[in-house]
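Chain by chain, the residues run as shown.
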Amino acid sequence: MINKLKRWFALTDTGAKGTLISSIFIFFKYLSYMLPTMLLIYYIDNIDKASYVEYLLWIIVIMFIMYIPTNISYNTTYNETYKEAKNIRINIADTLKSLPLSYFSKHNLSDLSQTIMQDVADIEHALCHSIPEIFGFIPFFILVGIMLLAGNLKLGLAIVLPILLSGFLYLLSKKNQIKETTKYFGRLRENSEIFQETVELQQEIRSYNLDKDTLANVYKAIDDTEQLHIKTEIAQALPLNLASSIIRFSLGATILVGGILYYNKEISLLYLFGYILAATRIIDGVNSLYASIAEVLYIDSRVKRLNELYDTEIQHGDEHDLSDFNIHFKNVSFSYNNDGKVIDKVSFNANQNEVTAIIGPSGCGKTTALRLISRLYDYDEGEILIGNNDIKKLDVEYLFKNISVVFQDVTLFNTSVMENIRIGRKDASDEEVIQAAKNANCDKFINRLPNGYNTLIGENGTKLSGGERQRLSIARAMLKDASIILLDEISASLDVENEMDIQESLNKLIKNKTVIVVSHRLKSVEKADKIVLLDNGKVEAIGKHDELLKNCALYKAMINRSKMIDEYLY
C-alpha cells in the first residue's frame with residue numbers, strides 16, 4: 001500500500017506512511033461520529049428507563065471517544081502534510097542533482113520552477129483536505145453499508161443503491177475531467193514560459209518596438225487561459241453536482257421504503273428514525289468524498305509531472321583511480337533527440353600535457369564533443385575513454401571533480417566577484433582566488449569596480465561586460481585546477497589584447513593537464529599540439545597547423561577566410 005500511495009500521489013516513503021496513518025484515524029473518526037446517533041436512538045428507545053445522569057455520562061464518554069481519533073487525524077494530517085511538502089521539494093532537489101545535465105537543456109526553467117513550487121503546493125493542499133479523507137471514508141462506507149444491509153436489507157438498499165449509482169456515473173466522467181485539467185495544466189505551463197520570456201527579453205522587446213505585440217500576446221494568453229479555466233471548472237462541476245443530486249435520493253428512498261415497512265408493521269418508528277439519521281450522515285460524507293475525488297483528479301497532471309521527473313534515467317558510475325588523463329574518442333556517434341547525427345563515428349586522441357584544438361565550420365559538432373566529454377550528454381555509439389576508463393562507467397561527480405569547463409555561455413551568480421570565482425574550489429583562500437583572477441587577466445577590471453573583489457555583480461553578472469564575464473569563468477576554471485580543461489570559444493568575447501593575455505595564462509595552466517579548445521578564431525589555435533578538423537560531424541583531418549595547411553584544402557580555405565576577416569576587423 002505504501003508503494004501504491006507513493007506512485008499514485010508522487011509521495012516520499014515518509015509521506016505515504018503519514019497518509020496511511022492519517023487515513024486510518026479518519027476511518028475511526030467517522031465511526032466515532034456514529035456514536036451520538038446510536039446514543040440518541042438508545043435513549044429514545046429506553047426513555048422511560050434511562051436517567052438524565054446516565055445519558056450525560058454517556059455523552060461525556062462519547063465526546064472523549066470522538067476527540068481522540070479526530071484530534072489525532074487532524075494533527076497527523078496537517079503535520080505530515082507540511083513535512084511531506086518539505087520532503088517532496090528536497091526529493092525533487094536530490095533528483096535534479098542526479099539527472100544528466102542534458103535534462104535541463106530539454107526542459108524550460110519556468111516548467112521546473114512551477115513543478116517545485118505550484119505542483120507541490122497543489123499536492124500539499126490535496127494531502128491536507130482530500131487524500132486521507134478518501135481513504136478514510138471509503139472503508140467506513142463499506143463497513144456501515146454492510147451493517148445497514150444486515151440490519152434491514154430493504155432499507156439498506158434504499159440508502160446504498162442511489163449512492164453506488166451516483167458513484168458509477170461520477171467515475172464515468174473521470175477521463176473527461178483528467179483530460180480537461182491536463183489541458184489547463186499545460187496552458188498554465190505555456191503561460192509561465194510566456195511571462196518569463198517577456199521579462200527576460202525586455203531589452204530586445206523595447207529595442208525592436210515590440211511592446212504592443214508582446215503585450216497583445218500576453219493578454220491573449222491570459223484570456224485563452226480564462227476560457228479554458230471556465231471549461232475545466234464546468235467539466236468538474238457538472239458531474240459533481242449531478243452525483244450530489246443523485247445521492248439525495250437515498251434519503252427520499254429511505255423515508256419511502258421505511259414508511260411502507262412501518263405501515264406494514266415490519267419495523268418500528270424508532271428503527272426507521274435510525275436509518276434516516278444514518279442516511280443523512282452518509283450523504284454528507286459521500287458529498288465530501290466526491291469533492292475530495294474532484295481535487296485528486298485535478299492534481300493528476302501534477303502527480304504525473306513529478307513521477308515523470310522521478311522516472312528520468314539518471315547517470316550511474318563508479319569512482320576509478322585514473323592512471324592518466326588522456327582522452328580517446330573511438331567511433332563516437334551522437335544525435336539530439338534522434339534528429340540526425342551531430343557526431344558521426346568520430347575518433348581522435350587528446351593527450352595529457354598537450355593542447356588539442358577542435359575546429360570546423362559552424363554546426364560541425366565542436367561544442368557537442370565537449371559536452372560528451374563532460375557527460376552533459378551521453379553518446380549513442382562508440383566509446384570515450386579517460387585513462388582507459390569508459391566515462392559512462394565513471395561516477396558523474398567524480399568526473400566533474402577532474403574537469404573544468406568554460407563554455408561560451410557564462411553563468412554567474414548574484415554575489416561578489418570573490419565568491420563567483422571561489423565556486424571553482426570552495427576551500428580556496430582569498431589569496432588563491434586573487435591569483436587565479438590575475439592569471440585570467442581579471443585583476444585590472446576587478447580593481448576598477450566600486451568594491452573590488454567584494455562587488456556584487458548582479459544576476460548572471462549583468463553589471464559586467466561579456467568579456468569580463470568570460471574572464472571570470474576562466475578564472476574559476478583556473479582556480480579549480482582540474483586535470484582536464486575544456487574551453488569552448490573562450491575568445492569569443494575577448495579583444496585581441498586580452499586574448500593574448502589569456503593564452504599566456506593557459507600556457508602556465510596546461511602542465512600535466514589535458515586541454516581541449518574549441519574556437520572559431522583559428523589564429524588562437526595555430527600553436528596547438530594537435531588540431532582536429534570536423535566537418536558535418538565527421539573528422540576531416542588531424543594534425544598540426546603546418547601539416548593541415550599543406551595537406552587539407554578545407555583547413556587552408558578556413559585559414560584564408562579567417563585572415564580576411566581579421567584584416568577587415570583589425
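Just so it is clear, the model here is predicted, and its values are computed rather than measured. (Residues numbered from 1 in each chain as written. Predicted model: local features only at pLDDT ≥ 70, side-chain atom pairs only at ≥ 80, totals over all residues. Heavy atoms only, no water.)

Visitor: What's the story with the overall build of the protein chain in this structure? I'm lost.
Guide: Helix and strand counts for the protein chain stand at 23 helices and 10 strands. Its C-alpha radius of gyration of 35 Å places the protein chain more than 25% over the 25 Å reference for a compact globule of 570 residues. Taking the principal axes of the C-alpha coordinates as reference, the protein chain spans close to 115 × 50 × 45 Å. Burial status across the protein chain gives 47% buried among its 570 residues. (Helix = DSSP H or I, 4+ residues; strand = E, 2+ residues; numbered from the N terminus. Rg over C-alpha atoms; globule rule 2.2 N^0.38 Å. Buried < 20%, exposed > 50% of the residue type's maximum accessible area, 1.4 Å probe, protein only.)

Visitor: Mind showing me how you'd approach the side chain of Thr-225 here?
Guide: Along the chain, Thr-225 turns up in helix H11 (residues 211-247). Look at Thr-225 and you get buried, because its relative accessible area is 8%. Side-chain polar atoms of Thr-225 contact the backbone oxygen of Ala-221, separated by 2.6 Å. Not counting chain neighbours up to four residues away, the residues in contact with Thr-225 comprise Tyr-184, Arg-187, Leu-188 and Asn-191. (Polar contact = N/O pair within 3.5 Å; in protein donor to acceptor, adjacent residues only side chain to side chain. Contact = heavy atoms within 4.5 Å.)

Visitor: What's the story with the pairing of strand S4 (residues 381-386) in this structure? I'm lost.
Guide: Moving residue by residue along a regular strand, the side chains alternate between the two faces of the sheet. Pairing of strand S1 (residues 327-335) with S4 involves five bridges; the strand directions are antiparallel. Following the sheet pairing, His-328 is matched in S4 by Leu-385. Strand direction decides the pairing type here: S4 and strand S5 (residues 389-390), joined by two bridges, are antiparallel. Its bridge partner being in S5, Ile-386 is matched across the sheet by Asn-389. Counted along the chain from S4 to the antiparallel partner S5, the turn is two residues long, and its residue Gly-387 has a positive phi close to 60 degrees. (Pairing = 2+ DSSP bridges.)

Visitor: Would you mind going over the environment of Gly-365 with me for this structure?
Guide: In this structure, Gly-365 sits in the loop between strand S3 (354-359) and helix H15 (366-373). We classify Gly-365 as buried; its relative accessible area is 6%. Between the alpha carbons of Gly-365 and Gly-252 there is a distance of 75 Å; along the sequence they are 113 residues apart. Apart from residues no more than four positions distant in its own chain, Gly-365 is found in contact with Val-342, Ile-343 and Leu-534.

Visitor: How should the pattern of salt bridges be read in this particular structure?
Guide: Pairing is possible between side chains that carry opposite charge, provided their charged atoms lie close to one another. Tallied over the full model, the rule gives 20 salt bridges. A salt bridge links Glu-180 to Lys-183; the nearest nitrogen and oxygen atoms lie 3.9 Å apart. Of this pair, Glu-180 and Lys-183 both sit in helix H9 (residues 174-200), three residues apart, roughly one helical turn. Given the relative accessible area of 39%, Lys-183 is considered partly exposed. Between Asp-300 and Lys-304 there is a salt bridge, with its nearest N and O atoms 3.1 Å apart. One end of the pair is Asp-300 and the other is Lys-304, both in helix H14 (residues 300-311) and four residues apart, which spans about a single turn. The buried category is assigned to Asp-300, whose relative accessible area is 17%. Here the salt bridges do not stand alone but share partners, grouping Asp-111, Asp-119, Arg-189, Arg-305 and Glu-308 into one network. (Salt bridge = Lys/Arg side-chain N within 4 Å of Asp/Glu carboxyl O.)

Visitor: Even after reading the chapter, I still don't get the packing of helix H4 (residues 52-98) against H14, so can you show me in this structure?
Guide: Relative placement of two packed helices is described by the angle separating their axes and the distance separating the axes. Relative to each other, H4 and H14 sit at 40 degrees, their axes nearing to 9 Å. Of the possible angle classes, the one that applies to H4 and H14 is oblique. As for the relative orientation of H4 and H14, their crossing is left-handed in sense. Here Ile-88, Asn-91, Ile-92, Thr-95 and Leu-96 of H4 lie close against H14, whose contacting residues are Leu-306, Leu-309 and Tyr-310. (Axes fitted to C-alpha atoms, helices over the stretch in contact; angles between N-to-C directions. Parallel < 35°, antiparallel > 145°, perpendicular 65-115°, else oblique. Left-handed = near helix turned anticlockwise from the far one by under 90°.)

Visitor: Before we go on, may I ask you to explain a nonpolar patch on the surface in this structure?
Guide: Where nonpolar side chains cluster on the molecular surface, the patch consists of Trp-58, Val-61, Phe-64, Ile-65, Tyr-67 and Ile-68 and spans about 590 Å² of accessible area. Summarising the element assignment, Ile-65 is placed in helix H4. Residue classification places Ile-65 among the partly exposed residues on the basis of a relative accessible area of 37%. (Patch = residues over 30% accessible without salt bridge, like charges linked within 9 Å, V, L, I, M, F, W, Y side chains within 5 Å. Areas by Shrake-Rupley, 256 points an atom, 1.4 Å probe, with all protein chains shown as cover.)

Visitor: Can you help me understand the sheet that holds S3 in this one?
Guide: In sheet architecture, strand pairing relies on hydrogen bonds along the backbone and comes in two forms, parallel and antiparallel. The strand order across the open sheet formed by six strands is S6-S7-S8-S3-S9-S10, and the pairing between neighbours is mixed. At either end of the open sheet lies a strand with only one pairing partner, and these are strand S6 (403-406) and strand S10 (538-543). Averaged over all pairs of adjacent strands, the angle between strand axes in this sheet comes to 15 degrees, irrespective of strand direction. Note: S3 against strand S9 (residues 530-535), four bridges, orientation parallel. When the sheet's bridge partners are listed, Ile-358 is paired in S9 with Val-532.

Visitor: Even after reading the chapter, I still don't get H9, so can you show me in this structure?
Guide: The periodicity of an α-helix, 3.6 residues per turn, causes residues three or four positions apart to be oriented the same way. Over its 27 residues, H9 extends 39 Å from the first C-alpha to the last, a length consistent with the 39 Å expected when each residue adds 1.5 Å. Inspection of H9 places Gln-177, Ile-178, Glu-180, Thr-181, Tyr-184, Phe-185, Arg-189, Asn-191, Ser-192 and Thr-198 among the buried residues, and these make up the whole buried set. Its buried side turned inward, H9 meets helix H6 (109-129), helix H8 (153-172), helix H10 (202-207), H11, helix H13 (269-298) and H14. (Expected span 1.5 Å × (residues − 1).)

Visitor: I tried to follow the sheet that holds S1 on my own but got confused; where do I start?
Guide: Taking strand neighbours across the sheet as the criterion, the four strands line up as S2-S1-S4-S5 in an open arrangement whose pairing is antiparallel. The two strands at the open ends of the sheet, each matched to only one other strand, are strand S2 (341-350) and S5. The sheet strands contacting H15 are S1, S2 and S4, and the helix crosses S1 at an angle near 115 degrees.

Visitor: Help me understand the packing of aromatic side chains, please; the structure alone is not making it clear to me.
Guide: Where two aromatic rings form a pair, the distance of their centres and the angle of their planes describe that pair. Counted by the stated rule, this structure contains 16 aromatic pairs. Arranged with centres 5.2 Å apart and planes meeting at 70 degrees, the rings of Phe-27 and Phe-28 form a pair that is edge-to-face. Classification of Phe-27 by relative accessible area gives buried; the value is 16%. Judged by its relative accessible area of 43%, Phe-28 falls in the partly exposed class. Between Phe-137 and Phe-140 the ring centres are 5.6 Å apart and the planes differ by 50 degrees, which places this aromatic pair in the tilted class. Highlighted residues: Phe-137 and Phe-140, both in helix H7 (residues 131-151), separated by three residues, approximately one helical turn. Judged on exposure class, the residue Phe-137 and its partner Phe-140 are both buried. Among the aromatic residues, those joined into a ring-pair cluster are Tyr-30, Tyr-33, Phe-137, Phe-140 and Phe-141. Taking NZ or CZ as reference, Lys-29 lies 5.2 Å from the ring centre of Tyr-30, over its face. (Phe/Tyr/Trp six-rings, centres within 6.5 Å; stacked < 30°, edge-to-face > 60°. Lys NZ or Arg CZ within 6 Å of the ring centre and 35° of its normal.)

Any link to function would need more than the numbers given here.
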